[in-house]
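Structural overview for review
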Amino acid sequence: MITPPAILQVLPALVTGGVERGTIEIAEAQIAAGFRAIVASAGGPMVAELERLGVRHVALPLDRKSPLALWRNAARLAALVRAEGVAILHARSRGPAWSALLAARRTGARFVTTYHGTYNEGFPGKRAYNVVMAKGDRVIAISRFIAALIAERHGTPAERIRVIPRGVDPRRFDPALMAPERIAELRAAWDLPEGRPVVLLPGRITRWKGQGVLVEAMAAVPGDAMALLVGNQGGKRGFATELEARIAALGLGGRVRLVGHAEDMAAVLLLADVVVHASTDAEAFGRTVIEAQAMARPVIASDLGGPRETVEEGVTGWRVPPGDAVALAAALTRVLAMPASERAAIGAAARQAVLTHYTTRAMQDATIAVYRELL
């Protein structure tokens, strides 16, 4: 009996986040395509989800970044590659990628990376650290924006780069499948009166995600629209406290709320009359944008990075200059004044664009095709 090839994905941990979600989605596709799927990480609550899919998880201290830890992890990965007959090592984060690159060179396994971020280069030596993500036999860029960055920053030849956008699972993000009772529960929990317009900004509460820009914009938006800032504040409350103080200073206590983390984002998105992406730094892709579009919500997004590819001006949403509260306020005022039918038409066009270009299945199929190129 011929043993199918094994593919090993490596990342720091499986706690929460887009990289982790993508790892699970690709592991699922590997099994469906007939590969043996293995994931190595330091572990976390998402391991259980992997194992329910029949994916083997190997616990290794891949969340450690010291040179000694990277060297030791390379030896551990090389041993795993040899023991399991791994054909491809797929790295999704820089620290584990250095260990995986060394392991691939020692064993002859092929090496694939997914370049998930813009990777800040503000500190000495950061470019040398980041370059590992451009060293794959194939380098998966999660947007055309990132593909251009890889080519410009690292000189990676175009023949090694594959653009594979992130995807939304239409089994999870489908407005037709959402029970009205669930929306009513959320309205009651957050004390949102029926008929009052809702502006939603989903994202971790951190300065570059632009919550402060939306707070300033809401001060200039007429009417009684409410803005909900939905996202995890993490272990540091400094910026959240700053936001709350600014909300109070602007007299927006009844119109802008920080509501914390929400698990059921599909339901949360359906509460919104308009969803805002206000990041002031370029997003590598911007998964929250396509999640909102998949739920047929009109989106106003910052005009930089990945959303330039997913938000077609006036067709599937609107774009505004990043960090410009005046422009965001004007866009919100205009969109909230539109007849509901016009907003619904924009939302429907956005959902169709997602179903055509940005599904989980499309991302999975394209990634499996990259693996087959190397086998």
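Below you will find a few notes about this structure. (Residues numbered from 1 in each chain as written. Predicted model: local features only at pLDDT ≥ 70, side-chain atom pairs only at ≥ 80, totals over all residues. Heavy atoms only, no water.)

Tallied over the full model, the rule gives two cavities of 30 Å³ or more. Volume-wise, the largest cavity comes out at about 40 Å³. Lining of the largest cavity is provided by V213, H277, A278, S302, V320, P321, P322, G323, D324 and L328. Among the residues forming the lining of the largest cavity, the class breakdown is six nonpolar, three polar and one charged. For the lining of the second largest cavity, the secondary structure elements donating two or more residues are β11 (274-277) and α11 (287-294). Considered class by class, the residues forming the lining of the second largest cavity number five nonpolar, two polar and no charged. (1 Å grid on protein atoms, 1.4 Å probe; cavity = no way out; pocket = protein on both sides within 12 Å on 5 of 7 lines; lining within 4 Å. Points joined across faces, edges and corners; volume = space filled by probe spheres on them. Nonpolar A, V, L, I, M, F, W, Y, C, P; charged D, E, K, R; others polar. Helix = DSSP H or I, 4+ residues; strand = E, 2+ residues; numbered from the N terminus.)

Further remarks concern the side chain of H154. Tracing the sequence through the fold places H154 in helix α6 (residues 144-154). In this structure H154 comes out as buried when scored by relative accessible area, which is 18%. Residues within four places of H154 in sequence aside, it is in contact with Y115, N130, V131, A134 and L149. (Buried < 20%, exposed > 50% of the residue type's maximum accessible area, 1.4 Å probe, protein only. Contact = heavy atoms within 4.5 Å.)

Structurally, the position occupied by H277 is in strand β11. Apart from residues no more than four positions distant in its own chain, H277 is found in contact with E283, V289, I300, A301, S302 and P307.

In this model, Y119 sits at a positive phi of 50°, which is unusual for a non-glycine residue. Looking at the element boundaries, Y119 is found in the loop between β5 (110-115) and α5 (126-130). Residue classification places Y119 among the buried residues on the basis of a relative accessible area of 11%. Of note, A296 is a non-glycine position whose phi angle comes to about 60°, a positive value.

Let us look at the nonpolar core. Note that soluble globular proteins tend to have their nonpolar side chains buried in a common cluster. Ranked by size, the top nonpolar core spans 69 residues in total, and within it L8, V10, L77, L89, Y115 and W190 carry the most contacts. Here this core gets six residues from one element, more than from any other, and that element is helix α10 (residues 265-270). Among residues more than four places away in sequence, those in contact with Y115 are M133, A134, V139, I140, A141, I142, I146, L149, I150, R153 and H154. Judged by nonpolar contacts, the second largest core, of 34 residues, contains A217, M218, I300 and L328. (Core = buried A, V, L, I, M, F, W, Y, C linked by side-chain atoms within 4.5 Å.)

Right, let's get into the sheet that holds β11. Strands sit in the order β10-β9-β8-β11-β12-β13 across an open sheet of six strands; the sheet is parallel. The open sheet has two edge strands with one neighbour each: β10 (256-260) and β13 (318-320). Neighbour-to-neighbour, the strand axes of this sheet turn through a mean angle of 25°, independent of strand direction. The pairing of strand β8 (residues 198-202) with strand β9 (residues 226-230) spans five bridges and is classified as parallel. Paired with V198 across the two strands is M226, which belongs to β9. Helix α8 (residues 211-218) rests against β8, β9, β10 and β11 of the sheet, and its axis sits at about 170° to β9. Contacts between α11 and the sheet are confined to β8, β11 and β12 (299-302), with β12 contributing the most and set at about 170° to the helix. (Pairing = 2+ DSSP bridges. Axes fitted to C-alpha atoms, helices over the stretch in contact; angles between N-to-C directions.)

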